[in-house]
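Here's the letter readout for the chains.
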Amino acid sequence: MTYSIIGRCARTGRLGLGITTFSLAVGGRCEGVAANIGVAKTQAFPNRTNDPMAIKLLAQGLLPARVMEMLAANDSEHDFRQIAIMDREGRIAAHTGSGTRGWSGHKEGADCVAFGNGLVGPQVLDGLIAGFLAKPGDALEYRLMQAIEGGRDAGGQGTATTHKPERSAAIKVVDRLDYPDIDVRVDVHPVAVAELRRVLEEFKLYEDFYRERGRHPSRAIPQDVFVASLQARRT
């Protein structure tokens, strides 16, 4: 039981993934987000080899549709996977296998694709895409956050009569460098989407501090001094 969105900012070229699920520690299973290359995510019954392989194939110049064909050919259990792939130009391939459980599907939007399994219905995908598109001028991490919240507010995981809680969630965004700009996650929490929003907002307060400390260590103030300045602004 999982719902996700992969997306791209056409203005900046940044790429990212937002995901939430009933399973625990989903942020540790998001290996397929690579700067200047693309995004790939396999879920439902995940094959952990898929996403790194997809990134390698995209890096070689293959289109997402061809990458998907190669993943299928390499996996006898492909029908149990749900996969979305996007390259740095925004080209998409998506697959929802017949072996996934509960209501499952995927839907493309402008510079994004939403997908999920074990959901209350297709309205969850609509909520994901609507959230992503609501504020196109926002930073990609906020658009992904709004997408996850949109999926949750549309019903999320479960059936028409039983809701399954979102117990872990994550957002990962890359820009031009080898490491992520944003890599925030909630490994286990009874309301993981709300907690992820709190974590993201808190991290954004520190983002420039962490970036500049690495670039200009000789000018960096001690972290406890920075934290004290944040606390002073809050009071």
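Residues numbered from 1 in each chain as written. Predicted model: local features only at pLDDT ≥ 70, side-chain atom pairs only at ≥ 80, totals over all residues. Heavy atoms only, no water.

(A) Representation of the packing of helix α1 (residues 50-59) against helix α2 (residues 64-73) in the model. Here α1 crosses α2 at 140°, and the two axes come no closer than 10 Å. One element, α1, and the other, α2, form an angle in the oblique class. Here α1 runs over α2; the crossing is right-handed. Two secondary-structure elements touch here, α1 through Asn 50, Met 53, Ala 54, Leu 57 and Leu 58 and α2 through Pro 64, Val 67, Met 70 and Leu 71. Its residues assigned to classes, the contact of α1 with α2 comprises eight nonpolar, one polar and no charged. (Axes fitted to C-alpha atoms, helices over the stretch in contact; angles between N-to-C directions. Helix = DSSP H or I, 4+ residues; strand = E, 2+ residues; numbered from the N terminus. Parallel < 35°, antiparallel > 145°, perpendicular 65-115°, else oblique. Left-handed = near helix turned anticlockwise from the far one by under 90°. Contact = heavy atoms within 4.5 Å. Nonpolar A, V, L, I, M, F, W, Y, C, P; charged D, E, K, R; others polar.)

(B) Broad picture of the packing of aromatic side chains. Taken as a whole and judged by the stated rule, the model has six aromatic pairs. Where Phe 45 meets Phe 80, the ring centres are 5.8 Å apart and the plane angle is 85°; that geometry is what we call edge-to-face. Of this pair, Phe 45 sits in the loop between β4 (38-44) and α1 while Phe 80 is found in the loop between α2 and β5 (81-87), placing the two residues 35 residues apart along the sequence. You can call Phe 45 partly exposed: its relative accessible area is 29%. Between the aromatic rings of Tyr 206 and Tyr 210, the centroid separation amounts to 5.6 Å while the plane-to-plane angle is 25°, which identifies the pairing as stacked. You can see Tyr 206 and its partner Tyr 210 sitting in helix α5 (residues 192-215), four residues apart, about one turn around the helix. Here Tyr 206 falls in the buried class, since its relative accessible area comes to 14%. (Phe/Tyr/Trp six-rings, centres within 6.5 Å; stacked < 30°, edge-to-face > 60°. Buried < 20%, exposed > 50% of the residue type's maximum accessible area, 1.4 Å probe, protein only.)

(C) Structural detail: the environment of Trp 103. The topology assignment puts Trp 103 in strand β7 (residues 103-109). By relative accessible area, Trp 103 is classed as partly exposed at 31%. In this view, Trp 103 contacts Gly 116, Asn 117, Gly 118, Leu 119, Gly 121, Pro 122 and Leu 125; residues no more than four positions away in its chain are not counted.

(D) Just the pattern of salt bridges, in detail. Tallied over the full model, the rule gives 20 salt bridges. For Arg 14, the salt bridge is made with Glu 141, and the minimal N-O distance between the two is 2.8 Å. Remark: Glu 141 occurs in helix α4 (residues 140-153) and Arg 14 occurs in the loop between β1 (2-8) and β2 (15-21); sequence separation between them is 127 residues. No difference in accessibility class separates Arg 14 from Glu 141, as the two residues are buried. Residue Glu 207 pairs with Lys 204 through a salt bridge whose shortest N-O separation is 2.7 Å. In this pair, Glu 207 and Lys 204 are both assigned in helix α5, three residues apart and thus about one turn of the helix distant. Taking relative accessible area as the criterion, Glu 207 reaches 10% and is therefore assigned buried. Several salt bridges converge on common partners, so that one network encompasses Arg 14, Glu 141, Asp 181, Lys 204, Glu 207, Asp 208 and Arg 211. (Salt bridge = Lys/Arg side-chain N within 4 Å of Asp/Glu carboxyl O.)

Note that all results are geometric; they support no functional claim without further evidence.
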